[in-house]
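Chain and residue survey
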Amino acid sequence: MLNHAIKYEWLNLLRDRWVMILLILFLGITVFAVRNGKEKVEDRMATITKEKEKMVKLDRKMAADIDSLNKNLKPAPEAWKDPRALDNIGWNAPRVVAMDAQPLAVISTGQSDLFTHYAKPKIYGEAYTLGFSELSNPVQLLFGSFDLAFVCIYLLPLLVLGFSYNVLSSEKESGVLRLTLAQPISLYQWLFGKLLLRFFILTSIVVASILFSLTIFDIDWLGNRGAATKLILLVTVYIFFWFLISFLINLLGNSSGSNAVTLIAVWVVFVLLIPSIISQTANSFYPVPSRTIMIHEYREAKALAEKKADEILKTYYREHPEYAPKDTTQQNQYSWWLGNFAASDVINQSVQPVLDDYNEALNKQQSWVNRLRFLSPAILLQDGLNDLAGTSPAHYTDFRDQVIAFADTWRHYFIPRMFNNEKMQAEDFGSLPTHSYSSAQVPSHYPADLMGLLFFLTLTVAGSVWVYRRNSFENVLSV
Amino acid sequence: MLEAKQLSKTYQGKEALKPTSFTVNKGDIFCLLGANGAGKTTTINLFLNFIQPSGGQALIGGKDVVKEPIETKKLLTYIPENLMLYPNLTGLENLEYFSGLASKKYPKEEFLKFLTEAGLQAEAHDKRISTYSKGMRQKVGIALALAKDAQVLLLDEPTSGLDPKASNEFSELLTKLSKKGVATLMATHDLFRAKETGTHIGMMREGSLVEQLTTDQINHTDLEKLYLKHMN
C-alpha cells in the first residue's frame, strides 16, 4: 500500500511546477554557498602559503649570507642586520604558525571571519598573546556569511516547511481527502507515507546538491568520507526533525494558512529567537572585560619592568644559574635582550590576573552557549557543522594555545644560545623549531550535537503520538 | 448489505440524527430525501466512519463500521456531491491510485475498460483531471466502484449541478450497478431521479426518518405531495 501511495505521490510532485522550481533553486543556492566558502578558504590558504614562501626565501637568503660572511666574501654588516646574530633570526625570521583549513572548511565560515589563521611569534613581545582578533568586514558581520551552513540552518527548514505544511490540509481543502479516507487505509500511515516520501525526495536532492557542489569546487569529500558522512548525517537528521514538526502540525487538522503561520512561528523560535536570546544572555551574564583595558594594563606592566631591567636580570641569574655568564670578561652581544627576557617573566606574572579575567569571561560565555545549545536544533547544527569545518570556537582557542606553545618553543630555542653568546650558523636553519597544525586535540562536539538533534527528533515523535491519541478523526476531517 | 440500527448522532447537544433504523439490500437503491440539514449527509458520514455515532450501529455487510473501518471500506465506494481528484494526475492515474489504495490491481487495459464502462469518453482517459468537468469526475468515481468491485455505493447528492443529460447518464449507471447487486444509499434533492432510479425512498426531517416506501408504491405527483407534506 505504502509503495503504491508513494508512486503516485511522486508522480503528483513531478507534475507540480513549483516543487521543481523550488528544488532547482535550492541546487543553485547550494552551489553559490559552496563557492563562497571555497573563496574564503582559498584566500585563507593563499595567505598562509605566501607567508610560508616568504619565510623559506628569507631563510635561504640568510643562510647564504652567513656562508658568505663566514668565508669573508662580504663585509660584515651592522650588528642589527647581521644574520649571524641570533636575535636577528629570532626577531626578524619568525616561523609561520598556521592553522591549515580542514578538508570540509568550505561548509561553514564559523569563527573564521573573526580570527587570524596564522601568527609569527617572535622571541619577545605580546603580539602572540593578544593579537588574535582580525578586523573583519562590518557588512559581512551584519548579514553573516552566505555559506553552506547558512543554507542548511536557515533556508533548508523553510524549504521543508514549504514542501510539507499543507500535505494534509490541502487535500482536505480541495476535497480529495474525503475520497481518500473512504478507502480502506489508515489516515496516519498514509500521511506519514506521504511525508516520508517528501522527506526522501528532499533529502536526496539536498545531499545530491551538496555533493555536487563540493565536487565541482574540487573539495575532496571522497577522500574524507568520514567527515562527509557525518555532514550528511547531521543535515539529514535536521531535515527529518523539520518534517516531523510539520507532521505534528498537520495532525492537528488545521487549515493550510494556519499551518503555515504555526510552522513559521516554530521556525522563528528555533532558528532566530532562541539563538539570539542565548547570545544576548551570554553577554549580559558574563560580560567580557574590555580588550583595550587589557592591552593597556599589559603595556604598563611591561614599561615598569623594562625600567627595572638590570635589577630583574640580576634576580633572574640567581634563579637560573645555568644562564649566568661563564666568562665575565667578555661582554655578551645580546645583553639588551637578556634583560628583556628576564623582564618578560615578571611582566607575565603581573599581567596574568588581567589575562585570566579576560579568558575566564570568554570561557564562561562559551560554556554558557555550549550548554544552552541543546535548546535549539539550529544551534546544534551550526555547532556540528563548525566542528566538521574546523571553524568552531574550540578550534580557534586550540590554535591560540598552539601559537602560545610554539612561541615558547621558539623563545626557548634562542634563550640558552643567546645567554651563551652563540652565533647562528647556516646549517642551524634546518634545526629551527617548526610548527605543524593539527586539530586532533580539539574536543569534538559532533557526537553531542548529533545526540541533541536525535533528542529533538524523539521529542517530536512523542509529540506526534500525543496529538494522535488526543485527536479524533472528526477533527482532522472536520465534517 | 447496509443497515442502520438505532443509529444516532448528536453534535454539542443538538441531535443531527435521531435514532434511525433502515436496511438497504443487495440491488436496492435507497434514496434519502429531505431539506438541507435533515441529516442525510450525517447518515452517509456515519456509514463512512468519518464521524462517530452517538448511539446505535452502522453495519456494512454485517460488520460494524466503527469496529472494522478498514474491512467495511473495502466493500464501499463513496461519491460525494463534488468528487475531487488529484488535478495533476490523469483520469486513468487517479483511478489506478484510488483502486490501489483499496489493494485492487489490474492491467492498464482493465482500468481503461472500467472508465469506458463508466461512460467516460476514451479521449479523456489520459487527460489531467484539471481539464475534467464535474460529470466526468463523477464517472471516474463510478469507474472506481467498478474497479473496487464495490458492493455498496454511498452517494451524497451526486447529480446536483449536473446537466440533465449527464444526470440521466449517471442514473443509468446506477441502475446498471444495481442490477449487478450493488446496494446504493443516495442522498438527493432530485425527486424525479429518486422515483426513476430508486427502488426505495426515505424522507428525512430534522434528523428523523419520517417516511419509508418503495418507489413502485407511488407516482411522481403523489411523491411530491408526500414530500411537501413532510417538509411543511
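One can find the structure itself at the top, above this paragraph.
Here's what I pulled together on the structure shown here. No experiment lies behind these values; they were computed from the predicted model shown. (Residues numbered from 1 in each chain as written. Chains lettered and ligands numbered in written order. Predicted model: local features only at pLDDT ≥ 70, side-chain atom pairs only at ≥ 80, totals over all residues. Heavy atoms only, no water.)

Attention shifts here to the sheet that holds strand S10 (residues 208-214) of chain B. Through backbone hydrogen bonds, the strands of a sheet pair up, either in parallel or in antiparallel fashion. All names here are of chain B. A sheet is described by the order of its strands in space; here six strands give the open sequence S6-S7-S8-S3-S9-S10, paired in mixed fashion. The outermost strands of the open sheet, each flanked by one partner alone, are strand S6 (76-79) and S10. Put simply, the sheet's adjacent strands are angled 15° from each other on average, direction ignored. Relative to strand S8 (residues 183-187), strand S7 (residues 152-156) is paired through five bridges, and the arrangement is parallel. Paired with valine 152 across the strands is alanine 183, a residue of S8. Against the sheet, helix H5 (residues 134-148) touches S6 and S7, its axis set at about 180° to S6. (Pairing = 2+ DSSP bridges. Helix = DSSP H or I, 4+ residues; strand = E, 2+ residues; numbered from the N terminus. Axes fitted to C-alpha atoms, helices over the stretch in contact; angles between N-to-C directions. Contact = heavy atoms within 4.5 Å.)

Despite not being glycine, A:Asp218 has its phi angle at roughly 65°, a positive value. Taking relative accessible area as the criterion, A:Asp218 reaches 68% and is therefore assigned exposed. Positioned with a positive phi, B:Glu206 is a non-glycine residue whose angle comes to about 45°. Within the secondary structure, B:Glu206 sits in the loop between strand S9 (200-205) and S10. Overall, B:Glu206 belongs to the exposed group, its relative accessible area being 53%. (Buried < 20%, exposed > 50% of the residue type's maximum accessible area, 1.4 Å probe, protein only.)

Now for the pairing of S8(B). Residues and elements named next belong to chain B. Counting buried positions over the five residues of S8 gives five, a clear majority of the element. The two faces of S8 match: Ala183, Leu185 and Ala187 on one face and Thr184 and Met186 on the other face are all buried. Pairing analysis gives four bridges linking strand S3 (residues 29-34) to S8, with the strands arranged parallel. Bridging across to S8, phenylalanine 30 finds its partner in leucine 185.

Turning next to the packing of aromatic side chains. All names here are of chain A. The final tally for this structure, using the stated rule, is 36 aromatic pairs over all chains. Where phenylalanine 270 meets phenylalanine 456, the ring centres are 5.7 Å apart and the plane angle is 80°; that geometry is what we call edge-to-face. On the criterion of sequence distance, the pair formed by phenylalanine 270 in helix H11 (residues 256-285) and phenylalanine 456 in helix H17 (residues 446-470) is long-range, its members being 186 residues apart. In this structure, phenylalanine 270 and phenylalanine 456 share a single accessibility class: buried. Both rings, one in phenylalanine 406 and one in tryptophan 410, keep their centres 6.2 Å apart while their planes meet at 25°; by these two values the pair is stacked. Pair noted here: phenylalanine 406 and tryptophan 410 are both in helix H16 (residues 393-419), with a separation of four residues, about one helical turn. Grouping residues by exposure puts phenylalanine 406 and tryptophan 410 together as buried. The lysine or arginine in question, arginine 198, covers the ring of phenylalanine 163, its NZ or CZ lying 5.8 Å from the ring centre. Residue placement shows arginine 417 over the ring face of tyrosine 413; its charged tip is 3.9 Å from the ring centre. (Phe/Tyr/Trp six-rings, centres within 6.5 Å; stacked < 30°, edge-to-face > 60°. Lys NZ or Arg CZ within 6 Å of the ring centre and 35° of its normal.)

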